[in-house]
Structure formats: C-alpha cells, structure tokens
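Coordinate analysis (summary)
Here are the chains, one letter per residue:
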Number of protein chains: 2
Amino acid sequence: MRIDENWLKLKSPDFSAYNALDPEKKLMLVGADPFFPDPCIPDHVINATKRALDEGKTHYALDNSYAVPELKEVLVQKLRDFNGLDVDPEHELIVVPSSAFGLYVGIRICVRPHHGDEVLNIDPGFAENFNDVYQMGAISVSVPTYMEDGFQLRMEELEKKVTPQTRCLVLTHPNNPTTTVYSREVLEELGKFLVKHDLMVIVDQSFERSIYDDKEYITFATLPGMRERTISVFGTSKDLGLTGFRVAYMVAPKPIIDILKVAAFNYVGPTNTFAQYGVAAAYKDPSYVDDWNKIYEYRRKFGYEKLNGIPGVEVLMPEGGFFFWVNVSKLGTSIEIRDHLIHDANVGVSPGTWFGSNGEGFLRIMYGTMKDTSKYEEAILRIVQSLNKLPLKA
Amino acid sequence: MRIDENWLKLKSPDFSAYNALDPEKKLMLVGADPFFPDPCIPDHVINATKRALDEGKTHYALDNSYAVPELKEVLVQKLRDFNGLDVDPEHELIVVPSSAFGLYVGIRICVRPHHGDEVLNIDPGFAENFNDVYQMGAISVSVPTYMEDGFQLRMEELEKKVTPQTRCLVLTHPNNPTTTVYSREVLEELGKFLVKHDLMVIVDQSFERSIYDDKEYITFATLPGMRERTISVFGTSKDLGLTGFRVAYMVAPKPIIDILKVAAFNYVGPTNTFAQYGVAAAYKDPSYVDDWNKIYEYRRKFGYEKLNGIPGVEVLMPEGGFFFWVNVSKLGTSIEIRDHLIHDANVGVSPGTWFGSNGEGFLRIMYGTMKDTSKYEEAILRIVQSLNKLPLKA
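Nothing here was measured: the structure is a model prediction, and the numbers come from that model. (Residues numbered from 1 in each chain as written. Chains lettered and ligands numbered in written order. Predicted model: local features only at pLDDT ≥ 70, side-chain atom pairs only at ≥ 80, totals over all residues. Heavy atoms only, no water.)

Here we take up the interface of chain B and chain A. Contacts between the two partners involve 77 residues from chain B and, on the opposite side, 77 residues from chain A. Overall, the association of chain B and chain A removes approximately 6500 Å² of surface from exposure, summing both partners, and the carbon and sulfur fraction of that is 57%. Scanning the region where chain B abuts chain A turns up 4 salt bridges. Here Asp4(A) ties to Arg108(B) by a salt bridge, and the two come within 2.8 Å at their closest N and O atoms. There are 42 residue pairs in polar contact (both at pLDDT 80 or more) connecting chain B and chain A. Contributing elements (two or more residues each) for the side of chain B that touches chain A: helix H1 (5-8), helix H2 (43-54), helix H4 (99-108), helix H5 (127-135), strand S5 (166-172), helix H8 (254-268) and helix H9 (273-284) of chain B. Looking at the side of chain B that touches chain A, the element that brings in the most residues is H8(B), giving 9 residues. (Contact = heavy atoms within 4.5 Å. Buried area = accessible area lost by both parts, 1.4 Å probe. Salt bridge = Lys/Arg side-chain N within 4 Å of Asp/Glu carboxyl O. Polar contact = N/O pair within 3.5 Å; in protein donor to acceptor, adjacent residues only side chain to side chain. Helix = DSSP H or I, 4+ residues; strand = E, 2+ residues; numbered from the N terminus.)

What follows is the structure, given as structure tokens:
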C-alpha cells in the first residue's frame, strides 16, 4: 500500500492497559471530561440545544464566522467581559469543531511543511501539540519547565531553544498537565521574547474558567503588542464540560482569520449547528461552572493532602484545571507506577510520558471525573494505599 | 507576520455576488443542502437526537471507532445491506466529523507532502478535493471528462495523466457537479488502471442514496480486488440531509484505519456525540429520503425540459444527486452567466469554474433546495426567461 510512511510512525496513547481493570470496581481518573461518565450538563444548555433541533436549526452554519448568529453575539460579549478582548466578529473570529482542530490549524498556518521549520512546545505539555507539529512536517522543540519553579517558563530555556528556524510557540494556559497559571511577569517576558525573535504564539485557553485561589488569569492577546502575534484558541469541552458538543472558536488578526476561513473550512467544513445554540446558552449563564469549581476545590485540597502524605510522592497545589501533576519519580517510572495502580488499586491514571519527554516520573491524576465525590475519594485512598506499598528507589 | 505564504494563495468560492440579490425576492439554487433554508428533518431523527441529550449523551465519543455503540451497529448493517460491504467495525471503520474531513485525511494518508506526489482529480469535480491536494503540498492533476460521454471516465485520459509520481485518484460517485453515476464497465476498467499503476482510490459516496431511473449504483470497494486499495468516505449531509449534524464515516483497510485513528483523531478529535444518535435513527428508517427522491424526480424532469428549451443551453438528465450541470458556453462564460442571472433574475446559481478548469462554460443549478416546489419552479422559469434574452455567441 502506497501511503505516507511518516504517518505510520505516529503513535497515540495506548489505552489497552485500562482494559485490564475490573469494570465493576475500576475508578478512572484519566480523561479531561468533567464528571465523566455521569450526566452533568445543566437543563438550560440541553433545552437550548433541543429547541434549536425543534426549530429546524439543522442546516449548514455558513455565516461569515461559521457561527450561528446567537453564538456570535454571545462570544463577542464573553470575549469582552471574561477575556478583556474586543473582537470584530466578522474578521477576527471563527468557530471550529474542536480546540484540537483550532490548535492544529493555528500551528499549521505559521509553519511551512518540510521546510525545517521549528515550533517551541512547553514540555510537559498537551501531547497533541507535539503530534500536530510532527504530522505537518515541522520540528517540535521541547522547552522544559521545572517543578521547583512551579513549572513557570524560564526565559533562558526559551533563549536556548530558539533558532532562526523557529516560527512559533504553543502555550497551553493554564498548562495541561502541570496546571500552571502563568504569571503576568512571565507572560510579559514571553511577549518580549516573541517580539525579539519575531514569533507567533498559539494560546490554548481550554481551562481558563477553572482558576483557583483568585489567581490573576491573563488572556495573552490582551498584553501590549501581543494581539497581532497571537492566535487564541478557546474550547468549550473542558471548562464548560461540553465535550460531546464539538464547538470551539479562535480569535486572531484579520489576515489569519481570512486564511482560516478558507483553509480550515476546506479541511473540515462548518461546526454542528444545533450544538452552537447549546454553547450560546452555556455562555449566557455559566454559573453552573462556579458550582463545579466548588466541587473541584474540595477535591483538589483532599487529593493534595493525601497524595503529598505518601513517602516519595510530591505534588504542587493545582493552579487551574481539575487534575494533579504528581511526581512519583522516587518510586519508579511513569509507566511502572501507572501499571502498578492498574493492577493493585484498580485505578486508572495517565502516565506523565504522554505529556512530553519531561513528563517521565510523573502521573496526571484527574479529579474532575465522576459526579460522586465519595468515589473520587475512594480512588485517591486506593492510590495512597497502593503507593505506600512501594519502596523508595535507591 | 510569519505565516506559510502558500496558504495565502488559497481561494474559496466568492459568495459576495449573491449579496447583491434582493433578499425579499431572491431564490438560491446554490448550496447542496436539502430543502435549505426550510426545516426538513423528520421527527424520528430529531427525537432520537433530543433523547440522547436528555439521557446525558454529551461526553466524548471515544469508542474504538469514535462511534457511539448504536451508530456503529447501524452502520455495519447499512454498509452490508445498502453498499454490499461486510465491515469489521473495530478495524475497518472510523466516524469523523465530516466527509470534507474524511476526504482530506483520506487523500493525505496517500501523499507525502512537498515530495512531488501527484493526485488524479476528475475535472469537473468537487472543488474541495483540488484545494485539499494543494493545501497538503501535493500536485492535483486534472483528468477531464466530456459531456458527449455523459461525463464517464475515459481510460486514455487517465493513462495520459498518470506518472510515476501519482499516488492516488479521487472519485466522487455520483459525481458532483456532473451527477454521473459511473457504469460497472467504467469502474472495472478503473480498477485495472489502479492495479496497473499501484494507486489508491478515495471514493466520496455523498450522494449515493439519490440515484435515478433504477440505474445500477456500485460501491467501488465491492469490486474484485478493490477493497484493499479503496478509502470509502460516506457523508450524511447530502443524501440524508443532516448537514448541520456533522457526522460522516470512512471504511478502509485495517492498516489505514489504524493510522487514521491516531492521525485523524489528533487533528480534530471525536465527532458530536448526540448527533450520532440522530444519524443512527436516520439510517434505521431512511424512508423519508424516498419521499425526497420523489420530489427531486419531479423537479429534475421539470428543470431538464425547461432548461433544454433555451436556445444555446444544453443539460443532460441528472443521474444522481439533486442538481443540474448546465452547458451555457454558447451564451458566455460561467461567471458572466452567473452574474447575469443574479442581476437580471434575482436567482443564485454556481459558476462551473468552482468545479475545476473544465467547468468553464457550465453552471451548477441545485434543484434540491427550498421545500416549496412552486418557488423552485419560479426560479427555473426566471432563469429560462433571463437566458432567453441572451444572444448566442458568434
């Protein structure tokens, strides 16, 4: 079969290990899907989607922004009020079927395939970004971050990794998996770095609505001079929990949105029409996320204390999102410990190596899954008991 | 701004001309969206989608085929009964958010970007396929078809255009815009050609359910030896009218589906979850399409007679889909005649040049739009009146 041999080398996370879990007893802290597998979307969102179906909103959504009018209006307001971004919806906004896709086309527009172009990826980071860069025929360059810094960016690491071939940087903010909410100081330094090297930045704001301890959250494009070099990608799966709706959106300078309206549209076409009405309803009244954040807040403190009580385990208090990034390197490798928890505790967690080469020795443990908090607590207690059995490595 | 300059050259159809149409009086025969803009989806499909929402089917659809179980089961049955394809749903099937996307990744997997690889595109053909090939850094090679052949394939044209750099051929079956249902004889010849040159084929079956005059419709992958070199793409937008649902699926040999599960998923993620339940319901009872086909049948004959009555205009009886491919070359260029109909008749039709270099001198006129057949008739009569005013070119 004559197929692109480079694509044969692609690998995705191997989920088969989780099949070993006893389905009756297993507790999964893996996917970033709020309260999975339990129903969790509030009535006003469900009803708005159903109403759109009843009203025959089933045709292509081919508006200039590929948005239904209601959603476009709501997004302009949300971007202004929540993000501090004033957006011209006709020229600076496009609705796409997922932030995964937004990230892909956002990076792709900056990169010339098979041209030696390089993309700076924060590592640990969101694994799909590494794959995206590889798939488009560019080179992903890892920029390490360190637990001792709370995984903030070190400018000297960026300066070490930038070359004349560098085209852009990808920033997941807050970071997935480290939960880091980047500080104003760090983001301003990053801005100077981007200007100095004339780089674009693709910012993934998927978890922007779950930020703890009243920490300041900065939408990168609002920083002075950054609007013109920022492609912002906003999802609705993580912070609004609308994973199955498949609606995301991008904000970027007009020349980029102009191209995306052709190129992104050609790849995938428009976004589900009636789901957009549900998303509009969610943004009109996102107060349910405040309730979720209270649940996350409890679970965050519970897990933080329990996990840090295990000899040889270290975890920082999460700053955003709904997961822990747990250092287990004194007990074994990511895969060893993940497998141990599968077999010994019937609990599924993600090995850190799914999140880049600097993820070795870590686990990502999701605390946003399952509605029943007592099940979550049980999962954590099982993890504690199971890891307590392991000796510290010499 | 440092962006891929090749993407700057991308152009999409320019819809601005249609904005000149008087919104009160305009009649649009442009988009391939059944009965647009009128509600048309039957209750059992709407209700199944709403039920899924009520039942909390709003999480990621992360099954092995990225399908919800109900849809997977229905697709296996539909592929067997309707297409004559026995499919292993775990290894030969993947659900994707659009046939546009299926075509893109289907072509992409055959092609090495910026490597001089060539793709054979039937011309006139579906415009996105030309763009796809350009966007992925390969070369689209047009294979002409001719009205005098009913736009069937000529093997000598294929032989003329194939080179050692050719990797695959894209076949829209029935063809969009020519409506051609390829004959068994032609498809068998095509099969020999593919074997001889060791090519893959990507087959778009978007309009497979609207075939007229009991013409034999062949799913290409069922031909002897073709299964292993065919990537079949099935949409639900055109023949089931589920344009806003964004659900499509692909059937291909296991090694290809294995790669798509990683690569396609990485690009865009899963497909809308609750919409899949609506699609399952549509396939369980697609009898409404039979009703639609009766409407199309009437409109097809009406338009065929009226349009062929215009001096200098020639149209073949459509074989599939719900549009005419109209030769107006004796009256002017595609754009000239399109613009004339906009200004003179307040009717929107598509210029043939949107469908490849061999589309010059043609118009695509959609007869599947608008529920009210009398509006369609009025649009055709306005076209007749308006084209009758034009002198034959010398």
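Here the focus is the UniProt feature "domain: Aminotransferase class I/classII large" (unreviewed entry) in chain A. According to UniProt, the "domain: Aminotransferase class I/classII large" (unreviewed entry) feature falls on residues 41-380 of chain A. The distance from the first to the last C-alpha atom of residues 41-380 of chain A is 25 Å, and the span holds 39% helix and 16% strand. (UniProt positions renumbered as here; feature names shortened; annotations may be inferred.)

A separate point is the pairing of S5(B). Residues and elements named next belong to chain B. Counting buried positions over the 7 residues of S5 gives 7, a clear majority of the element. When S5 meets strand S6 (residues 200-204), the two strands line up parallel, connected through 5 bridges. Residue Leu169 lies in a different strand from S6, and its bridge partner there is Val201. With respect to chirality, the unit in which S5 leads through helix H7 (residues 184-196) into the neighbouring parallel S6 is right-handed. (Buried < 20%, exposed > 50% of the residue type's maximum accessible area, 1.4 Å probe, protein only. Pairing = 2+ DSSP bridges. Right-handed = clockwise from strand over helix to strand, strands pointing away.)

A few words on the pairing of strand S4 (residues 139-144) of chain B. Residue and element names in this part refer to chain B. Sheet analysis places strand S3 (residues 118-123) next to S4, joined by 6 bridges and oriented parallel. Among the inter-strand pairings, Asn121 is bridged to a residue of S4, identified as Ser142. Since S3 and S4 lie parallel, the crossover through H5 that links them has a hand, and here it is right-handed.

Bringing the side chain of Arg108(B) into the picture now. Among the secondary structure elements, Arg108(B) is positioned in helix H4. In this structure the side chain of Arg108(B) is engaged in a polar contact, spanning 2.8 Å, whose partner is the side chain of Asp4(A).

On to the relation of the copies chain B and chain A. The transform that puts chain B on chain A rotates by 180 degrees and translates by 0.0 Å along the axis, for an RMSD of 0.0 Å. Both chain copies can therefore be described as sitting about a two-fold axis. Of the C-alpha atoms belonging to chain B, the one lying closest to the rotation axis is found on Lys50(B), 2.8 Å away. The fraction of interface residues of chain B whose copies in chain A are also interface residues reaches 100%, indicating that both copies meet through the same surface. (Least-squares fit on C-alpha atoms with pLDDT ≥ 70 in both.)

All names here are of chain A. One pass over the structure, following the stated rule, counts 54 salt bridges over all chains. Of the charged contacts in the structure, one is a salt bridge between Asp117 and Arg167, with a shortest N-O distance of 3.4 Å. In this pair, Asp117 sits in the loop between helix H4 (99-108) and strand S3 (118-123) while Arg167 sits in strand S5 (residues 166-172), placing the two residues 50 residues apart along the sequence. Its relative accessible area of 1% is what places Asp117 among the buried residues. Note that Glu159 is salt-bridged to Lys196, the shortest N-O span being 3.0 Å. In this pair, Glu159 is assigned in helix H6 (residues 155-161) and Lys196 in helix H7 (residues 184-197), connecting sequence segments 37 residues apart. By relative accessible area, Glu159 is classed as partly exposed at 32%. Members of the salt-bridge network, linked through shared partners, are Asp213, Glu297, Arg300 and Lys301.

In an α-helix, one turn spans 3.6 residues; hence positions three or four apart end up facing the same way. Residues and elements named next belong to chain A. Between its terminal C-alpha atoms helix H10 (residues 287-308) stretches 32 Å, which fits the 32 Å expected from 22 residues at 1.5 Å a residue. What H10 keeps buried is the set Tyr288, Val289, Trp292, Asn293, Tyr296, Arg299, Arg300, Phe302, Gly303 and Leu307. The inward-facing, buried residues of H10 contact helix H2 (43-54), helix H9 (273-284), strand S9 (314-315), strand S10 (323-327), strand S13 (362-366) and helix H12 (373-388). (Expected span 1.5 Å × (residues − 1).)

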